[in-house]
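Spelled out, the chains give:
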Amino acid sequence: MEKENKNRTRWLHLRLTTAEYEILQKQFSKSTCRKLSEYARKNLLQKPLVLKYRNESLDELMGELILTRKHLNAVGNNFNQAVKKLHTLNQIPEFKHWITVYELEKKVVYTAIDSIKKNIENLSQKWLQS
C-alpha cells in the first residue's frame, strides 16, 4: 500500500487590486482560518468555511454588566468607608448600637454584591464562549 503524498508542491500566483485584497482580508478576518492561504484554498476548492459570529445584543449586555460591576464595587467601597467612620466614633454609647446594626447590614450588602458579581462572571463566561 503506497502512502498518498499530501505535500503541496504546486504554486498558484494571483494578482489582486487593493480593493479586492481588502475585501479578501475582511472576509478572512471573519473566518476561523489561521492563514490567508488556508482561507483562499478552502474558498477556491469550495470547501466549507466556518465563520465567526458575534451577537451584538450580547455585546451591549456585557457592556452594561461591566458598568454594573464597577458601580457595585463603588457602593461596597462607600459602605466600607462609612462603617470605618462609625468605628472611630466608638466612644459614644448610641453609636455602639449603630455599629452592630451596620455590621449586620454590611454582611447582607456584601453577600448581595458577591452574588451579583458571580452572576455577571457566569454571563461573561457564556458570552466569551458564543
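Residues numbered from 1 in each chain as written. Predicted model: local features only at pLDDT ≥ 70, side-chain atom pairs only at ≥ 80, totals over all residues. Heavy atoms only, no water.

A. Region of interest: the confidence of the model for the chain. The share of residues in the chain with pLDDT of 70 or more is 85%, and the mean pLDDT across the chain is 80. Looking at the elements of the chain, mean pLDDT is at its lowest for helix α3 (residues 56-88), recorded as 77, and at its highest for helix α1 (residues 18-29), recorded as 91. (pLDDT = per-residue confidence, 0-100. Helix = DSSP H or I, 4+ residues; strand = E, 2+ residues; numbered from the N terminus.)

B. Summary view of the pattern of salt bridges. What the rule picks out here adds up to one salt bridge. Of the charged contacts, one joins lysine 42 and glutamate 38 as a salt bridge, the two residues approaching to 3.7 Å between their closest N and O atoms. Taken as a pair, lysine 42 and glutamate 38 lie in helix α2 (residues 36-44) at a separation of four residues, close to a single helical turn. Using a relative accessible area of 27% as the deciding quantity, one classes lysine 42 as partly exposed. (Salt bridge = Lys/Arg side-chain N within 4 Å of Asp/Glu carboxyl O. Buried < 20%, exposed > 50% of the residue type's maximum accessible area, 1.4 Å probe, protein only.)

C. Fine view of unusual backbone geometry. Phi is positive for glutamine 46, which is not a glycine, with a value near 55 degrees. Mapped onto the fold, glutamine 46 is located in the loop between α2 and α3.

D. Spotlight on a nonpolar patch on the surface. Taken together, the side chains of Leu12, Leu44 and Leu45 make up a nonpolar region of the molecular surface, amounting to roughly 350 Å² of accessible area. In this fold, leucine 44 is placed in helix α2. Look at leucine 44 and you get exposed, because its relative accessible area is 58%. (Patch = residues over 30% accessible without salt bridge, like charges linked within 9 Å, V, L, I, M, F, W, Y side chains within 5 Å. Areas by Shrake-Rupley, 256 points an atom, 1.4 Å probe, with all protein chains shown as cover.)

E. Layout of the environment of asparagine 80. Its place among the elements puts asparagine 80 in helix α3. In the structure, asparagine 80 is positioned 30 residues away from tyrosine 110 in sequence and 9.8 Å away in space, judged by C-alpha atoms. Residue contacts for asparagine 80: discarding those within four places in its chain leaves Lys106 and Tyr110. (Contact = heavy atoms within 4.5 Å.)

F. Summary view of the side chain of serine 31. Within the secondary structure layout, serine 31 lies in the loop between α1 and α2. Among the polar contacts made by the side chain of serine 31, one reaches the main-chain amide nitrogen of cysteine 33 at a distance of 3.3 Å. If near-sequence neighbours (up to four positions away) are discounted, serine 31 is found in contact with Tyr39, Val50, Leu51 and Lys52. (Polar contact = N/O pair within 3.5 Å; in protein donor to acceptor, adjacent residues only side chain to side chain.)

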